[in-house]
Amino acid sequence: MKKMNPLDVVRLVYKSLVYYTDNFSESNFFSHFKFGKLYRGIKDNCGYTKYFMVKIWDTDFPKIYNCEEDFYFRLLEEVALLRHEMVISHPGMAKLYGYYYKGSRFAVVYEFKPFDSLFNLLPKESFTWLQRMKTALGLASLLRYLHLEKSAFYQPFLVHSLDAANVVLDEEYNPKLCDFGSISGGIFPDKRAYSCHHGCYGCLDISLFNTGDRSNKQDVFAFGVVLLFLISKRVYTDEDSESCAPFVFEWAFREYEEALQSKTEFSLVHKSLADEDDFCTDDGHKITMLALECVNGDENQRPTMKQVVKSLLKLELVKQNADFLGVDKVLNPCENGI
């Protein structure tokens, strides 16, 4: 496994961020994440071009995340995480290029070419069934890897903040996780004593409030919600929160209960996706049931992420499009197998 050289990560000056983003131009802004804004960045040096994603923490984050945060410690934890040998090798973890902090300004710069956030892509007709499944498989692979016990000295990593707004896709539809503020395990302590947030609204595991405990099954729940987003083209917005609309997983269970009286195979796949040439009817039912298993109210009845990956690999679409979906990366031996 590659060792990370601390010199590979640069402490940047503010004018570098201005240069990369063309003074934070509107054309380079592409999405919000949970606590700020995401920009595309570029650096030309003697004919050699580097592409970046620039993440800026912003105190004007959406109201539904009504919680005061210490951005300085968020930054330090993210830099520590993305330089650590336990995570740097996974393709779902973006390569950290540099960071900046001064006064109330905090930023990190990742070295990859971002396409768009998953939140923005979910309702779009151009985001195909095949691309959605590549996203699902990539996220599942990352979570499975983070949940592995890699050492007797470290607990598995738990993300706690998986959400469509915190996932960015590159131009080949490989997902990258871009928020680590709630992560625990591994090199980090248990944050229950001092963390004021426990997840992302709409993806938050309701059983957390019943037990107060944290486990990898809460990441499984959040993944199940994101999977429902991907197959149904639904997403939970600020407007939904303000109008007290049902969460997507609540809607899904309601649809399932109504369909129990029908003898047809149940599927929550959006009609436009089901009409695509790559879609297989059996896959629609299987992936719907997998998503519902992940958001089961009893966390003991949820699969592990290892089991989720195995289920996804059994889909007919995955078998027929292994190269495009990057199955070889999912089966990478450095991840200790599936």
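Residues numbered from 1 in each chain as written. Predicted model: local features only at pLDDT ≥ 70, side-chain atom pairs only at ≥ 80, totals over all residues. Heavy atoms only, no water.

**Some thoughts on the overall build of the protein**
Keep this limit in mind: Only DSSP runs of H or I with at least four residues qualify as helices, and only runs of E with at least two residues qualify as strands; both kinds are numbered from the N terminus onward. Burial here depends on accessible area, computed with a 1.4 Å probe over protein chains only, as a share of the maximum for the residue type. Under 20% is buried, over 50% is exposed, and the range in between is partly exposed. Here, residues are in contact when the closest pair of their heavy atoms is within 4.5 Å. Accessibility throughout is a Shrake-Rupley quantity obtained with a 1.4 Å probe, and a residue counts as covered only by protein chains that appear here.
Across its full length, the protein holds 14 helices and 9 strands. Within the protein, the fraction of its 338 residues that count as buried is 53%. Taking contacts inside the protein between residues at least 6 apart in sequence as the whole, the part at least 24 apart equals 65%. Per element, the accessible surface of the protein, about 16000 Å² overall, is 49% carbon and sulfur.

**Here we look at the nonpolar core**
To be explicit about the condition: Buried residues of nine kinds, namely Ala, Val, Leu, Ile, Met, Phe, Trp, Tyr and Cys, make up a nonpolar core once their side-chain atoms join them within 4.5 Å.
By size, the foremost hydrophobic cluster in this structure holds 89 residues, and its most contacted members are Leu 118 and Phe 223. With 11 residues, helix α6 (residues 216-232) is the largest single contributor of residues to this core. Among all residues touching Phe 223, those that are not within four sequence positions of it are Ala 136, Leu 139, Ala 140, Leu 143, Leu 162, Cys 294, Met 305, Val 308 and Leu 312. Residues Leu 12, Phe 24, Ile 56 and Val 109 belong to the second largest nonpolar core, which totals 12 residues.

**A look at unusual backbone geometry**
A positive phi angle is found at Tyr 173, which is not glycine, with a value near 65°. Looking at where Tyr 173 falls in the secondary structure, it is placed in the loop between β8 (167-170) and β9 (175-177). Owing to a relative accessible area of 14%, Tyr 173 belongs among the buried residues under this scheme. A positive phi angle, near 65°, is found at Lys 233, a position not held by glycine.

**What about the pairing of β8?**
Filter applied, for reference: Two strands pair if DSSP finds at least two bridges between them.
Residues of β8 alternate between two faces, with Val 167 and Leu 169 on one and Val 168 and Asp 170 on the opposite face, all of them buried. Examined bridge by bridge, strand β7 (residues 114-117) and β8 share 3 bridges and lie antiparallel to one another. In the sheet register, Asp 116 faces β8, and the bridge partner there is Leu 169. In textbook terms, the turn of a hairpin is the stretch between consecutive antiparallel strands, and for β8 and β9 this stretch comprises 4 residues, one of which, Tyr 173, has a positive phi near 65°.

**Concerning the confidence of the model for the protein**
Just so we agree on the cut-off: Confidence of the prediction at every residue is given by pLDDT, a number between 0 and 100.
Taken over all residues, the pLDDT of the protein has a mean of 84, while the share at 70 or more is 82%. In this model, residues 1-7 is a region of pLDDT below 50 whose contacts with residues beyond four sequence positions or in other chains number 12 contacts. Below pLDDT 50 for its whole length, residues 62-68 participates in 14 contacts with residues either more than four positions away or in separate chains.

**Here we look at a positive patch on the surface**
Our working rule: Patch membership requires more than 30% relative accessible area and the absence of a salt bridge. Residues of like charge join within 9 Å; the nonpolar side chains Val, Leu, Ile, Met, Phe, Trp and Tyr join within 5 Å. In the sections that follow, a salt bridge refers to a side-chain nitrogen of Lys or Arg positioned within 4 Å of a carboxyl oxygen of Asp or Glu. Charged residues are defined narrowly, with Lys and Arg counted positive, Asp and Glu counted negative, and His plus the chain ends left uncounted. Here the site of a charge means atom NZ of a Lys, CZ of an Arg, CG of an Asp or CD of a Glu.
Taken together, the side chains of Lys 286, Lys 306, Lys 310, Lys 314 and Lys 319 make up a positively charged region of the molecular surface. By relative accessible area, which is 41% here, Lys 306 ends up partly exposed.

**Some points on the sheet that holds β8**
Let me state the cut-off plainly: Interaxial angle, 0 to 180 degrees, is taken between N-to-C directions of lines fitted to C-alpha atoms, where a helix line uses only the stretch in contact.
Spatially, the 3 strands line up as an open sheet ordered β7-β8-β9, and their pairing is antiparallel. Both outer strands of the open sheet, β7 and β9, are each paired with one neighbouring strand and no more. Adjacent strand axes in the sheet meet at a mean angle of 35° when their direction is disregarded. Lying over the sheet, helix α4 (residues 129-147) contacts β8 and β9, oriented at roughly 40° with respect to β9.

**Considerations on α4**
Worth spelling out the cut-off: Take the number of residues in a helix, subtract one, and multiply by 1.5 Å to get its expected span.
Between its first and last C-alpha, α4 extends 27 Å over 19 residues, near the 27 Å set by a 1.5 Å rise per residue. Counted residue by residue, α4 has 18 buried out of 19 residues, so it is predominantly covered.

**Quick word on the pattern of salt bridges**
Where charged atoms from two side chains of opposite charge come close, those side chains can pair. As enumerated under the stated definition, the model contains 6 salt bridges in all. Residues Glu 111 and Lys 95 are paired through a salt bridge, measuring 3.7 Å at the closest nitrogen-oxygen approach. With Glu 111 in the loop between β6 (105-110) and β7 and Lys 95 in the loop between α2 (71-82) and β5 (96-102), this residue pair connects regions lying 16 residues apart in the sequence. Glu 111 gets classed as partly exposed once you look at its relative accessible area, which sits at 23%. Between Glu 171 and Lys 113 there is a salt bridge; the shortest N-O distance is 3.7 Å. Of this pair, Glu 171 sits in the loop between β8 and β9 while Lys 113 is found in the loop between β6 and β7, placing the two residues 58 residues apart along the sequence.

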